[in-house]
Amino acid sequence: MPMISDFSMSASVLQTKAQDFTLTSDPLAKIWSTHLESGTGAGQADKAFHDQRTLAASATEDLDLAGILADVYGATITFVRIKGLFIAASASNTNNVVIGAGTNPWATLLNSTGTVTLKPGGWCGFGAGAGDAVGWPVTAATGDILKVTNSAGSTSVTYDVVIVGCSA
């Protein structure tokens, strides 16, 4: 089934300084974006997974990128390459959400021991450029686990996840 994906990230900053007779400003508006058509080559993706998930206190879960996750229609997804990953921790969390490391980790983005810690309300996004045919490869059985951890034992955490990639 056809799929079109658009990723973007933006930064907007306005700095001002009062001068003797004027107010000077330095406006910054920067947007990075990628558009992907349906397919498995450069500038393309054909699989997506998205969900809002909750982890119990001190719990971890392994998002298996090759053969366990299901798409919105209930079909099993096997990613061969990831083109976009976006994760956001709920602002109402008390604990942090930690992404990465684990057993058989998907290491092409964060390496085998790297992690990203999302504080309550924090988020991160990674996107391959439209000209990138490879993205971040997934190796079934030995390098396909995206581990997600609740950092503490006091309360559960909720997070949103969006993964876009290719089946070949």
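Please read all numbers here as calculations on a predicted model, not as lab measurements.

Rules used in this analysis
Residues numbered from 1 in each chain as written. Predicted model: local features only at pLDDT ≥ 70, side-chain atom pairs only at ≥ 80, totals over all residues. Heavy atoms only, no water. Pairing = 2+ DSSP bridges. Helix = DSSP H or I, 4+ residues; strand = E, 2+ residues; numbered from the N terminus. Contact = heavy atoms within 4.5 Å. Core = buried A, V, L, I, M, F, W, Y, C linked by side-chain atoms within 4.5 Å. Buried < 20%, exposed > 50% of the residue type's maximum accessible area, 1.4 Å probe, protein only. Patch = residues over 30% accessible without salt bridge, like charges linked within 9 Å, V, L, I, M, F, W, Y side chains within 5 Å. Areas by Shrake-Rupley, 256 points an atom, 1.4 Å probe, with all protein chains shown as cover. Salt bridge = Lys/Arg side-chain N within 4 Å of Asp/Glu carboxyl O. Axes fitted to C-alpha atoms, helices over the stretch in contact; angles between N-to-C directions. Phe/Tyr/Trp six-rings, centres within 6.5 Å; stacked < 30°, edge-to-face > 60°.

## Looking at the sheet that holds strand 1 (residues 5–18)
And step 1. Read from one edge to the other, the open sheet built from three strands follows the order 1-2-3, with strand pairing classed as mixed. Sheet topology places strand 1 and strand 3 (44–45) at the edges, where each strand pairs with a single neighbour.

## Describing unusual backbone geometry
And step 1. Of note, S58 is a non-glycine position whose phi angle comes to about 65 degrees, a positive value.
And step 2. Secondary-structure assignment places S58 in the loop between strand 4 (47–55) and strand 5 (60–64).
And step 3. For N111, which is not a glycine, the phi torsion comes out positive at approximately 65 degrees.
And step 4. By the element assignment, N111 lies in the loop between helix 1 (107–110) and strand 10 (115–118).

## Side note on the environment of A128
And step 1. Within the secondary structure, A128 is located in the loop between strand 11 (123–127) and strand 12 (136–137).
And step 2. Contact partners of A128, with chain neighbours within four places excluded, come to T34, K83, G135 and W136.

## Re the nonpolar core
And step 1. The biggest cluster of nonpolar side chains holds 29 residues, and the ones touching the most others in it are I87, W106 and I163.
And step 2. Ignoring any residue separated from it by four or fewer positions in sequence, one finds I163 in contact with K47, A48, F49, L65, L69, F79, I82, G84 and L85.
And step 3. In this structure, M3, A45, V164 and C166 belong to the second largest nonpolar core, which totals six residues.

## Observations concerning a nonpolar patch on the surface
And step 1. A cluster of nonpolar side chains, namely M1, V72 and Y73, defines an oily patch on the protein surface of about 420 Å² accessible area.
And step 2. Position of V72 relative to the elements: it lies in the loop between strand 6 (66–70) and strand 7 (76–78).
And step 3. In this structure V72 comes out as exposed when scored by relative accessible area, which is 60%.

## Considerations on the environment of L23
And step 1. Looking at where L23 falls in the secondary structure, it is placed in strand 2 (residues 23–38).
And step 2. The exposure class of L23 is exposed, given its relative accessible area of 58%.
And step 3. Filtering out sequence-adjacent residues up to four positions away, L23 remains in contact with T16, K17 and A18.

## Topic: the sheet that holds strand 5
And step 1. The four strands are arranged 5-13-9-10 in an open sheet whose pairing can be described as antiparallel. With partners counted over all chains shown, the strands left at the sheet margins are strand 5 and strand 10, one partner each. Across the sheet, the mean angle separating the axes of adjacent strands is 20 degrees when strand polarity is ignored.

## Here's the deal with the packing of aromatic side chains
And step 1. With the rule as written, the count across this model stands at one aromatic pair.
And step 2. Between F7 and F86 the ring centres are 5.2 Å apart and the planes differ by 55 degrees, which places this aromatic pair in the tilted class. On the criterion of sequence distance, the pair formed by F7 in strand 1 and F86 in strand 8 (residues 81–89) is long-range, its members being 79 residues apart.
And step 3. Take F7: its relative accessible area is 9%, and that puts it in the buried class.

Don't take any of this as a statement about function, it's just geometry.
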